[in-house]
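Listed below are the residues making up each chain.
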Amino acid sequence: MSRLALVRSSILYNQVRSFSYSRPALVFARDFKPGEYPKTEAERRAAAKKYGLRPEDYEPLPDNGLGFGDYPNLGRISTDMKSDWGDYDDPYLKRNFGEPIHVVQDQITADKVSLAKTRVSFSQIVFWFLFGSFVFIGLNYLLWDKKCFIPIAPKQYPRNALSGEEKHYKF
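What this report covers is the structure whose coordinates are included nearby.

Thresholds applied
Residues numbered from 1 in each chain as written. Predicted model: local features only at pLDDT ≥ 70, side-chain atom pairs only at ≥ 80, totals over all residues. Heavy atoms only, no water. Helix = DSSP H or I, 4+ residues; strand = E, 2+ residues; numbered from the N terminus. Buried < 20%, exposed > 50% of the residue type's maximum accessible area, 1.4 Å probe, protein only. Contact = heavy atoms within 4.5 Å. Areas by Shrake-Rupley, 256 points an atom, 1.4 Å probe, with all protein chains shown as cover. Phe/Tyr/Trp six-rings, centres within 6.5 Å; stacked < 30°, edge-to-face > 60°. Core = buried A, V, L, I, M, F, W, Y, C linked by side-chain atoms within 4.5 Å.

## Some remarks on the overall build of the chain
Thinking step 1. For the chain, the helix and strand inventory stands at four helices and zero strands.
Thinking step 2. In the chain, the succession of helices and strands from N to C terminus is α-α-α-α.
Thinking step 3. The 171 residues of the chain split such that 11% are buried.
Thinking step 4. The long-range share in the chain, meaning contacts at least 24 apart out of those at least 6 apart in sequence, stands at 35%.
Thinking step 5. For the chain, the exposed surface amounts to about 15,500 Å²; the carbon and sulfur share of it is 62%.

## Some remarks on the packing of aromatic side chains
Thinking step 1. On inspection of all chains with the given rule, the structure shows four aromatic pairs.
Thinking step 2. Where Tyr-51 meets Tyr-71, the ring centres are 5.2 Å apart and the plane angle is 75 degrees; that geometry is what we call edge-to-face. With Tyr-51 in the loop between α3 (41-50) and α4 (122-142) and Tyr-71 in the loop between α3 and α4, this pair connects stretches of sequence that are 20 residues apart.
Thinking step 3. With a relative accessible area of 13%, Tyr-51 lands in the buried category.
Thinking step 4. When the ring of Phe-127 is compared with that of Trp-128, the centres are 5.0 Å apart and the planes differ by 75 degrees; the resulting orientation is edge-to-face.
Thinking step 5. A relative accessible area of 54% places Trp-128 in the exposed class.
Thinking step 6. A network of ring pairs unites the aromatic residues Phe-127, Trp-128 and Phe-131 as a single cluster.

## Considerations on the nonpolar core
Thinking step 1. Ala-47, Ala-48, Tyr-51, Tyr-58, Leu-61 and Tyr-71 form the largest nonpolar core, which has six residues in total.
Thinking step 2. In contact with Ala-48, other than residues within four places in its own chain, are Leu-53, Arg-54, Pro-55 and Tyr-58.

## Looking at unusual backbone geometry
Thinking step 1. You will see that Lys-94, though not glycine, has its phi angle at about 55 degrees, which is positive.
Thinking step 2. Turning to its location among the elements, Lys-94 is positioned in the loop between α3 and α4.
Thinking step 3. Residue Lys-94 is classed as buried on the basis of its relative accessible area of 11%.

Set out below in structure tokens:
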């Protein structure tokens, strides 16, 4: 085998191995990009089938210029709002194989933002924060002259070494 044939075969092998040959089987930007916003009922049905949804359940995201195209509007359900006892294919994200994910799924995982209704309103949080701050500052101001400390007696020595009467050196 000539040196040129060996170089050509190694280049071909590396191109196939790294998917860098002229026409790859999968192009991320083209294959995973959502299609155009559906304008007719047939396009809407095709998009519902593409995402594995029933046509009556399919509702595309609004066409507001963000480029979501025909991606379905899955509602505001974060990972922590789903049942903990469901039998999921991916228990961490609480989703099954083939289930479409939310557009902002990376932002609403269980360890990040929750879209669930909060138990306490924002105004209550601000009120109790300010109330606690003013109570702390007010008590500190009122009791500033009454210092709280642990009473400590002067250090005791076995002999009266601090008065200078006893010397511990011989020069």
